[in-house]
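One-letter residues, chain by chain:
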Amino acid sequence: MSGLDPRSRTTPLAQTLVGLYRLSQGLQHRLRERAQAHGLSPAQAQALLFLKYARPGVRTIGGLAQRLGCAPATASEVADALERKGLIRRQPLPADQRVITLALTPAGAHKVNALEDLLDDLEAALATLPPTQQEALLQATQALVRVLQQAGHVVVYEMCWGCQFFRPNAHPNDPTAPHHCAFVDAPLPEPNTYLECPDFIPRSP
Ligand code: SF4
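Residues numbered from 1 in each chain as written. Predicted model: local features only at pLDDT ≥ 70, side-chain atom pairs only at ≥ 80, totals over all residues. Heavy atoms only, no water.

The name given to the protein in an unreviewed UniProt entry is MarR family transcriptional regulator, and the organism recorded there is Thermanaerothrix daxensis.

Encoded structure:
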């Protein structure tokens, strides 16, 4: 493999590899910068974003450890620090009191909203590409994430709209939960379809 060796950067594959590496460095730098501006470590910022978008059942120390790619003890330390700052609290899951979940406090919700400009520059750069290139990039990115997910390098919690278990508008007469999840065989309220789910499986192209 050519890796990041400058002498091998003559093939499209090697050049793409270097480009992706630079992008990831840029995003990490942006995360550090935004986190620091809000008095947080990068892990604390990532934890707040995770708690905003993950389903209640995965907002646990274990779920956080998976998202951060660290040991549960380390995730617990991140949660302790956020709890001391008044940004999150531990509370039992209403459906199963034995499961302790992590929840954003109002101050935490406010902080995470302020952090969400993290990807604005990248979004603006993407928006300058023609639609055909955006579509090609989407497909290539999804394929790469899938391969890396299978290799265990990324954890993907996705939302309902691209999931093979999602049945949109399956309950048209129920305005509170018009959609259906075939995985848990239960109706889904609209807002829940925008939460990240660990059971997500992408629809076939
Ligand atoms: S498995 Fe998860 S992502 Fe898929 S439809 Fe059900 S709740 Fe949504």
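Some remarks on the pattern of salt bridges
All chains considered together, the criterion is met by five salt bridges. Here Arg30 ties to Glu33 by a salt bridge, and the two come within 2.9 Å at their closest N and O atoms. Taken together, the positions of Arg30 and Glu33, both in helix H1 (residues 12-37) and three residues apart, correspond to about one turn of that helix. For Glu33, a relative accessible area of 37% puts it in the partly exposed group. Lys52 is the partner of Glu116 in a salt bridge, and the nearest nitrogen-oxygen pair spans 3.0 Å. Of the two residues, Glu116 is situated in the loop between helix H5 (106-115) and helix H6 (120-127) and Lys52 in helix H2 (residues 42-53); the sequence distance between them amounts to 64 residues. Residue Lys52 is classed as partly exposed on the basis of its relative accessible area, which comes to 26%. The network of salt bridges with common partners includes Asp80, Glu83 and Arg90. (Salt bridge = Lys/Arg side-chain N within 4 Å of Asp/Glu carboxyl O. Helix = DSSP H or I, 4+ residues; strand = E, 2+ residues; numbered from the N terminus. Buried < 20%, exposed > 50% of the residue type's maximum accessible area, 1.4 Å probe, protein only.)

Quick notes on the UniProt feature "domain: HTH marR-type" (unreviewed entry) in the protein
Mapped onto the present numbering, the UniProt feature "domain: HTH marR-type" (unreviewed entry) falls at residues 13-146. In the segment residues 13-146, helix accounts for 69% and strand for 11%; the C-alpha atoms at its two ends are 18 Å apart. (UniProt positions renumbered as here; feature names shortened; annotations may be inferred.)

So, the sheet that holds strand E5 (residues 186-188)
Strand order in this open sheet of three strands is E3-E4-E5, and the pairing throughout is antiparallel. Both outer strands of the open sheet, strand E3 (166-167) and E5, are each paired with one neighbouring strand and no more. Bridging between E3 and strand E4 (residues 179-181) involves two bridges; their strand directions are antiparallel. Bridge pairing in E4 places Phe166 opposite Cys181. (Pairing = 2+ DSSP bridges.)

Comments concerning the pairing of strand E2 (residues 96-104)
Sheet topology places strand E1 (residues 88-93) next to E2; six bridges connect them, and they run antiparallel. Residue pairing in the sheet places Arg89 in a bridge with Ala103 of E2.

Concerning the packing of aromatic side chains
The final tally for this structure, using the stated rule, is two aromatic pairs. Ring geometry for Phe165 and Phe183: centres 5.1 Å apart, planes at 55°, overall tilted. Taken as a pair, Phe165 in the loop between helix H7 (131-150) and E3 and Phe183 in the loop between E4 and E5 lie far apart in primary sequence, 18 residues in all. You can call Phe165 buried: its relative accessible area is 17%. Classification of Phe183 by relative accessible area gives partly exposed; the value is 43%. (Phe/Tyr/Trp six-rings, centres within 6.5 Å; stacked < 30°, edge-to-face > 60°.)

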